[in-house]
Amino acid sequence: MDANPRDVPPPPLDGSLEFDQERREAAAADFGHVVHRVPEAVLLPGSDDDVAATIRWAAQRGRGFAPQGQRHAVFGRSQVQDGIVADMSARNSIGSIRDDRVEVDAGVKWSEVLAATLPERRTPPVLTEYLELSVGGTIVVGGVGGTTSRYGLQSDTVLEMDVVTGEGTIVTCSPEQNADLFDAMRAGFGQAGVITRATLALVPAPESVRRILLFYPDLATMLTDARLLSADAERFDVVQGAVMPPPGGGLAYRLDVAKYFTGDAPADEDLLAGLSDDPAKRQPDTLSYFDYLNRLSMLEKLLRKNGQWFHPHPWLTTFIGDSEAEAVVGAELDRLDPPVDLGQFGQVVLSPIRTGAIDTPLLRLPADELCHAFNLVRVPTTDDADNAQRLVAANKAMYERVKAAGGVLYPVSAFPLSKDEWREHFGPVYDQLAAAKRKYDPDEVLTPGYGIF
Ligand SMILES: Cc1cc2nc3c(=O)[nH]c(=O)nc-3n(C[C@H](O)[C@H](O)[C@H](O)COP(=O)(O)OP(=O)(O)OC[C@H]3O[C@@H](n4cnc5c(N)ncnc54)[C@H](O)[C@@H]3O)c2cc1C
């Protein structure tokens, strides 16, 4: 008689499989604090072979498998009910820094990559707003950063990857080798494999950053300057926008612009010529490159202290084409009750992105050459689950309106999509992702948390 596949013993490992309640509970939580799925066990991989053997073991027993980086997803995307999750932070070595590249384990955080590259005066060209995310976790979603208009997404700056497929096979991929897998892994939400190692591009790092906060009376004026600065690619390295609820009520409209430099500081008159912000409100500052990149750490400290870091974070992240931005964003701002829907420390991100440098095939974008990251960064003042569910429903409703105006989801968002909605989201590239899924994860073992297949 055949053995019950559920009785198949775990494979021998260099690392370990942990079945204790505490670790499983921790793996059932993420930054979103909305979805909670408890795995059967947590893999602490000691090698790529461990990942491969454990995927095969999960598949034999009809269980799902998902890698976890820093668990900053907001809707349970790296969770698997009764399946196996791999804590990829156990894989965190960084190779020697070369002029134009570095090879890292996928569990390494971007802050750790920087700590290794900056002494050599090198930097990854694109860094996310928050540096404590894992390399693997951002490559599989794309990874938008302040310099995306110039260099594309983080997934556009990866040169090569080692991937364990859903069949438990270790494959090296790049634009030249197994290119279908390479393209399926970049912004492919881990549907075809688990990244264990990535070779990342590096560029010369600047020493300093001139950062200036600019304030506007209204959305239209802020967008006018966002367009002007986007058309003048040399003026600033980073142009980001936000609409925030200030303490006195109402809304503050802000551009946060940054010029990188080494040696002499650039002249503010040149940087700010022809802008329509309120000159009396300008806040200029000069920072080291690292302090600039690490600017979210102050807010993190504050939110950890007041407890809001641990509240639900039902974020919504989208891209809206420039031609529709003012109408759509204006209408959504009218609908928002900022103190309740965003929280005192939340904001509406509205950052211009020239899309020409982005060539990750699975990343969906509006048709306009200039689009805007349009995100609701919600930091609720309460951990009430009903309030979180209300905001999840509000995300879905807003997404429908953004989509109707030609906007596109950036799927690091908190609301569920049906398989048909995923198919619609991927549109012309759905077949490419589905073909990779059939080829590399035919038993659909990997990363079920999105519900794409
Ligand atoms: C405070 C904050 C700031 C953020 N800022 C930005 C930003 O500026 N730009 C931006 O683009 N995004 C941003 N995000 C979103 C973030 O990039 C994604 O949520 C990212 O997936 C989180 O990475 P992680 O390491 O925490 O991954 P996890 O949350 O652990 O996992 C996320 C997804 O990646 C998969 N995954 C993780 N590791 C691997 C691997 N090695 N191989 C294959 N799949 C893997 C998981 O299975 C899951 O599907 C931010 C999120 C937060 C909470």
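In this text, all values refer to a predicted model and were calculated from it rather than measured experimentally.

**Q** What exactly am I supposed to notice about the overall build of the chain here?
**A** Counting its regular elements, the chain contains 15 helices and 18 strands. Along the first, second and third principal axes, the C-alpha set of the chain runs to 80 × 50 × 45 Å. Per-residue burial over the chain gives 58% buried out of 453 residues. Long-range pairs, those at least 24 residues apart, make up 73% of the contacts in the chain with a sequence separation of at least 6.

**Q** Could you clarify how one ought to interpret the environment of Pro339 in this entry?
**A** Take Pro339: it is sitting in helix H12 (residues 338-341). Residue classification places Pro339 among the exposed residues on the basis of a relative accessible area of 53%. Once the C-alpha coordinates of Pro339 and Gly249 are considered, the two residues, 90 residues apart in sequence, prove to be 8.6 Å apart.

**Q** Can you walk me through the nonpolar core in this structure?
**A** Among soluble globular proteins, nonpolar side chains are generally buried collectively. One finds Met161, Leu200, Leu255 and Phe374 to be the most contacted residues of the largest nonpolar core, which totals 106 residues. With sequence-adjacent residues up to four places away left out, Leu255 is seen in contact with Ile212, Leu213, Leu214, Tyr216, Met222, Asp225, Ala226, Leu229, Val239, Gln240 and Gly241. Listed in part, the 16 residues of the second largest apolar core include Ala52, Ala58, Phe65 and Met88.

**Q** I would appreciate a short explanation of the sheet that holds strand S2 (residues 41-44) in the present structure.
**A** Hydrogen bonds between backbone atoms are what pair the strands of a sheet, whose relative direction is either parallel or antiparallel. Taken together, four strands build an open sheet; the order of strands is S1-S2-S4-S3 and the sheet is mixed. Taken across any chain shown, the strands that pair with only one partner, and hence form the sheet edges, are strand S1 (16-18) and strand S3 (65-68). Direction aside, neighbouring strands of the sheet carry axes that sit 25 degrees apart on average. In this structure, S1 lies alongside S2, joined through three bridges in antiparallel fashion.

**Q** Would you mind showing me how to read the site of the ligand here?
**A** In the neighbourhood of the ligand, 31 residues make up the surrounding shell, with Pro67, Gly69, His72, Ser134 and Tyr410 lying closest. At a separation of 2.8 Å, an oxygen atom of the ligand approaches a polar backbone atom of Glu129. In the complex, 95% of the free accessible area of the ligand, which totals 950 Å², lies under the protein chains. If you list the elements that add at least two residues to the shell around the ligand, you get S3, helix H4 (135-139) and strand S9 (193-201).

**Q** Any chance you could explain the domain arrangement of the chain here in plain terms?
**A** Accessible area lost during the coming together of the parts is what is often quoted as the interface size. According to the domain assignment, the chain consists of domain 1 (5-89), domain 2 (101-204) and domain 3 (208-409). Taking only C-alpha atoms, the centre of domain 1 and the centre of domain 2 are 21 Å apart. Taking both partners together, domain 1 and domain 2 bury about 1100 Å²; carbon and sulfur atoms supply 67% of that area. Taken as a group, Asp48, Gln70 and Met88 account for 43% of the area that domain 1 buries against domain 2, more than any other trio of residues on that side. At the junction of domain 1 with domain 2, the criterion picks out one salt bridge. The interface formed by domain 1 and domain 2 includes three residue pairs in polar contact (both at pLDDT 80 or more). Broken down by secondary-structure element, the contributors of at least two residues to the side of domain 1 that touches domain 2 are helix H2 (48-60) and S3. Take the side of domain 1 that touches domain 2: its biggest share by element is six residues, from H2. Residue classes in the side of domain 1 that touches domain 2 are distributed as six nonpolar, four polar and three charged.

**Q** How should the packing of aromatic side chains be read in this particular structure?
**A** A ring pair, where both rings are aromatic, is described by two values, the distance of the centres and the angle of the planes. Considering all chains together, one arrives at 13 aromatic pairs under this definition. Relative to Phe453, the ring of Tyr430 has its centre 6.0 Å away and its plane inclined at 40 degrees; by these criteria the two rings are tilted. Placement of Tyr430 in helix H15 (residues 430-440) and of Phe453 in the segment after H15 is noted, with a sequence separation of 23 residues between them. The same class applies to Tyr430 and to Phe453, which are both buried. Joined through ring pairs, the aromatic side chains of Phe31, Tyr130, Trp309 and Trp315 make up one cluster.

Cut-off values and rules
Residues numbered from 1 in each chain as written. Predicted model: local features only at pLDDT ≥ 70, side-chain atom pairs only at ≥ 80, totals over all residues. Heavy atoms only, no water. Helix = DSSP H or I, 4+ residues; strand = E, 2+ residues; numbered from the N terminus. Buried < 20%, exposed > 50% of the residue type's maximum accessible area, 1.4 Å probe, protein only. Contact = heavy atoms within 4.5 Å. Core = buried A, V, L, I, M, F, W, Y, C linked by side-chain atoms within 4.5 Å. Pairing = 2+ DSSP bridges. Axes fitted to C-alpha atoms, helices over the stretch in contact; angles between N-to-C directions. Near = heavy atom within 4 Å. Polar contact = N/O pair within 3.5 Å; in protein donor to acceptor, adjacent residues only side chain to side chain. Areas by Shrake-Rupley, 256 points an atom, 1.4 Å probe, with all protein chains shown as cover. Domains from an automatic or database assignment. Buried area = accessible area lost by both parts, 1.4 Å probe. Salt bridge = Lys/Arg side-chain N within 4 Å of Asp/Glu carboxyl O. Nonpolar A, V, L, I, M, F, W, Y, C, P; charged D, E, K, R; others polar. Phe/Tyr/Trp six-rings, centres within 6.5 Å; stacked < 30°, edge-to-face > 60°.

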